Amino acid sequence: MKRFAAILLSLVLVFSLLSAFAEETAVSESKPKIVVLATGGTIAGVGEAGKTAGYKPGSLTAEELLAAVPQLADVAEIEAIQVCNVNSDDITAEVWLTLAHTINEMAEDPDVKGFVITHGTDTMEETAYFLNLTVKTDKPVVLTGSMRPSTSISADGPINLYESVCVAASDEAVGQGVLIVFSDRIYAARSVTKTSTYSVMAIAAGETGSIGIVRDEEVFMYESPSRRHTTASEFDVSGLETLPKVTVLYFSVDADPDLLQYAADHSDGLVIAGAGAGEFSEKWIEIINGLTIPVVISSRIDDSMIIRDNLLCKNTVAANSLPPQKAAVLLRLALTGEISRERLGELFLQY
Ligand code: ASP
């Protein structure tokens, strides 16, 4: 009887040792979980085989995008969500809010390591900046896309998707705000912009440059964004289903003042891309001086810096170095609550 008990005890011991070992091996082999949120764009574009133009963006599903990169299975466990499947010029405030709500909810899950959003390049920078101000997590959120459709020769989508998942799964990208990964480079949401309508090197960040590089699975970060973002942002969109309407106007010689008045009458706020250091004609100044809605002055110059002293109309706010399309994102968020002109001016210095 004693002998039987001893054998039983040894069996139990061996069994527990084996299952502990199996569990440990499973943990060390388990891959970080990355959520891929697909929205469309050229990366999901399909056209004539081999060609780079004349395709239909937003054609492939999230699952089809992932299936084109089987190597992803070596670096992450992926959950795919199809948020929409559109040309990024059809992205709306509702899509932005869906993305922010989804990320904020899923980031609570300790198993989720990071997020990748596939997106058209045309408005990718606006979505990135919006999320940079509204997601409440330090976990990496990475946007990517491509310049060539999936059916072209040397499509850039698969490598951009692969590198984005590697960045989202890395510890290096934690707490860096929302990022764009494109052609091996890592960019911060505030400074990144689209710079080419055809080249695969279509994403850049002007004077400030990229903040990191990704080569295969290795992620090298060498700068950090210093403006407020994600967990340090004051903007809370949790209860929102839409955003205030802000119109962006582009000034040029003889620009019609009636269009400015019309835009003001149909918007909650305006951003004006002025000439030079945010300047415009006497006719426009006269109308702007009579407006009661918030007006932010940016510039149509790529490398711009608008400060209070540049302002021709003292009732307006300077966009600082934000381009018009990103100034509009910040203004829309600012107008979700009551805000004074003074505080609005401060926001453009802090974000
Ligand atoms: N028109 C496309 C889009 O933004 C361009 C691209 O994705 O590169 O959806």
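See the structure shown above.
What you see is a predicted model, and the numbers here were worked out from it, not measured in a lab. (Residues numbered from 1 in each chain as written. Predicted model: local features only at pLDDT ≥ 70, side-chain atom pairs only at ≥ 80, totals over all residues. Heavy atoms only, no water.)

Engineer: Go over the sheet that holds strand 5 (residues 179–182), please, and point to the residues and values.
Structural biologist: Strand pairing in a sheet is mediated by backbone hydrogen bonds. Such pairs are either parallel or antiparallel. Strand order in this open sheet of eight strands is 2-1-3-4-5-6-9-10, and the pairing throughout is mixed. Edge positions in the sheet fall to strand 2 (77–86) and strand 10 (218–221), since each has one partner strand and no second. Geometrically, the sheet is characterised by an average inter-axis angle of 25° between neighbouring strands, direction not taken into account. Bridge analysis of strand 5 against strand 6 (residues 185–188) gives four bridges, and the strand direction is antiparallel. By the bridge assignment, Phe 182 is partnered in strand 6 with Arg 185. Sitting on the sheet, helix 5 (residues 124–134) touches strand 3 (112–118), strand 4 (141–144) and strand 5, and the angle it makes with strand 4 is about 170°. Lying on the sheet, helix 6 (residues 157–168) is in contact with strand 1 (33–40), strand 2, strand 3, strand 4, strand 5, strand 6, strand 9 (212–215) and strand 10; it crosses strand 3 at an angle near 150°. (Pairing = 2+ DSSP bridges. Helix = DSSP H or I, 4+ residues; strand = E, 2+ residues; numbered from the N terminus. Axes fitted to C-alpha atoms, helices over the stretch in contact; angles between N-to-C directions. Contact = heavy atoms within 4.5 Å.)

Engineer: Now, about the side chain of Thr 134: what can you tell me, with residues and values included?
Structural biologist: Inspection of the secondary structure assignment puts Thr 134 in helix 5. Take Thr 134: its relative accessible area is 0%, and that puts it in the buried class. A polar side-chain atom of Thr 134 sits 2.8 Å from the main-chain carbonyl oxygen of Phe 130. Leave out the neighbours within four places in its chain, and Thr 134 touches Ala 100, Asn 104, Phe 235, Val 237 and Leu 333. (Buried < 20%, exposed > 50% of the residue type's maximum accessible area, 1.4 Å probe, protein only. Polar contact = N/O pair within 3.5 Å; in protein donor to acceptor, adjacent residues only side chain to side chain.)

Engineer: Lay out the side chain of Thr 316 with the relevant residues and their values.
Structural biologist: Mapping Thr 316 onto the fold places it in the loop between strand 13 (295–299) and strand 14 (317–318). Here Cys 313 takes part through its backbone oxygen, which lies 2.6 Å from a polar atom of the side chain of Thr 316. Excluding residues within four positions of it along the chain, Thr 316 makes contact with Ile 288, Val 295, Ile 297, Arg 308, Leu 311 and Arg 341.

Engineer: Can you break down unusual backbone geometry residue by residue, with the values?
Structural biologist: Residues other than glycine predominantly adopt negative phi, and peptide bonds predominantly adopt the trans conformation. Positive phi values are uncommon outside glycine, yet Ser 183 reaches one of about 50°. Within the secondary structure, Ser 183 sits in the loop between strand 5 and strand 6. Using a relative accessible area of 16% as the deciding quantity, one classes Ser 183 as buried. Of note in this structure, Asp 254 is not a glycine but carries a positive phi near 65°. Mapped onto the elements, Asp 254 comes out in the loop between strand 11 (246–250) and helix 7 (257–265).

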